[in-house]
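Below, each chain spelled out in residue letters.
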Amino acid sequence: MDRYAVIGQPVNHSRSPRIHAMFAAAVHHALTYERIEPARDEFEAAVALFRAQGGCGLNVTLPFKERAYALADQSSTRARAAGAANTLMFSSKGVFADNTDGAGLVRDLRLNLGVTLKGARILLLGAGGAARGVVGPLLDQEPALLVIANRTAARALQLCEALRASGAITPLWLSHCQACGLEEIPKGVFDVVINATSSSLNGSVPNIPPSVFGPRTVAYDMVYAQSTPFIEMAHNLGSLRAVDGLGMLVEQAAESFHLWRGLYPDTAAVLRQLRAESV
Ligand code: ATR
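Quick caveat: nothing in here was measured; it's all calculated off a predicted structure.

Re the packing of aromatic side chains
Scanning all chains against the criterion turns up five aromatic pairs. Seen in terms of ring centroids, Phe23 and Phe257 are 5.5 Å apart; in terms of plane orientation they differ by 70°. Their pairing is edge-to-face. Here Phe257 lies in helix H10 (residues 246-261) and Phe23 lies in helix H1 (residues 16-27), a separation of 234 residues in the sequence. The exposure class assigned to Phe23 is buried, which follows from its relative accessible area of 0%. Here Arg121 stacks its cationic end above the ring of Phe190, 4.4 Å away from the centre of that ring.

The structure is reproduced here in structure tokens:
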């Protein structure tokens, strides 16, 4: 049977094995999907071993995404833009690295939430790996403006510089992108506000101007939980649609599944099931 796994540290709470098992069952593919948790300095050896044992592909999670990208022989444009990989595929040609996180976010926004990104004003909060992973696919949707705002403004500027240097994003689209500190966010309501900071994980919220939220703003926290401090803040400030990142998790998995297996599974059914299980 074809073997896949998620590799990270920790991975014991990863929902990827459950999601991929549901995908495989839905399309009648026989495969196995495991969890691998190597010691920090044994990531590359663990990947090599899995491949040598006949493994077909891996999902990669924290803290190994940059190292996964670095060990690949070939990579997708979106992995180059992210400078990190969450998906590896093994073949006779070597190791191929992809990053499906941004595509997962875009698919969730467009397909599940019905958001139009073309021409939209998008505010992306954060400048770590989570933010960088989604910038390329967001710009591909041709927003009018993508503001990358971070508590430490210098990191947002560095992120834009790294994207430019990666060569994976055309200068035209980078010109729609603006980097700043949280206190310099341009005035006016945004169509979409995405929290890619780790603030929800430590029970806080980014200190942003309330005026970014309007009734039609979609507030999106990449963290998945029934509610988060960011979701509560957006609701309190008038956004009628504030959601967590469970849809992104399922959609990035579907993108990985597509790369490995050549077809998209029905994600809506899986998302419904996961939501029901987490009640
Ligand atoms: P990841 O790879 O998950 O993005 P990271 O590289 O540690 O993690 O980045 C965490 C991000 O969350 C950063 O953008 C951080 O802002 P700083 O660069 O200023 O540290 C942001 N962050 C974390 N807690 C925050 C908070 N309470 N308010 C605003 N930003 C926060």
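Details of the sheet that holds strand S12 (residues 241-243)
Read across the open sheet, the six strands follow the order S9-S8-S7-S10-S11-S12; overall the sheet is parallel. With partners counted over all chains shown, the strands left at the sheet margins are strand S9 (177-181) and S12, one partner each. Mean inter-strand twist for the sheet, computed between neighbouring axes without regard to direction, equals 15°. Note that strand S8 (residues 145-150) and S9 share five bridges and pair parallel. Across the sheet, Ile148 pairs through a bridge with Ala179, a residue of S9. Of the strands in this sheet, S8 and S9 are in contact with helix H7 (residues 153-166), which crosses S9 at around 160°.

Some points on the sheet that holds strand S4 (residues 74-75)
Taking strand neighbours across the sheet as the criterion, the six strands line up as S2-S1-S3-S5-S6-S4 in an open arrangement whose pairing is mixed. Two strands close off the open sheet at either side, each with one partner strand: strand S2 (31-36) and S4. Judged from the two bridges that link them, S4 and strand S6 (residues 94-98) form a sheet pairing that is parallel. Across the sheet, Gln74 pairs through a bridge with Phe96, a residue of S6. Running over the sheet, H1 touches strand S1 (2-7), S2 and strand S3 (57-60) and is turned about 175° from S2. Running at roughly 170° to S1, helix H2 (residues 43-52) makes contact with S1, S2, S3, strand S5 (87-91) and S6 of the sheet.

The rules behind these values
- Residues numbered from 1 in each chain as written.
- Predicted model: local features only at pLDDT ≥ 70, side-chain atom pairs only at ≥ 80, totals over all residues.
- Heavy atoms only, no water.
- Phe/Tyr/Trp six-rings, centres within 6.5 Å; stacked < 30°, edge-to-face > 60°.
- Helix = DSSP H or I, 4+ residues; strand = E, 2+ residues; numbered from the N terminus.
- Buried < 20%, exposed > 50% of the residue type's maximum accessible area, 1.4 Å probe, protein only.
- Lys NZ or Arg CZ within 6 Å of the ring centre and 35° of its normal.
- Pairing = 2+ DSSP bridges.
- Axes fitted to C-alpha atoms, helices over the stretch in contact; angles between N-to-C directions.
- Contact = heavy atoms within 4.5 Å.

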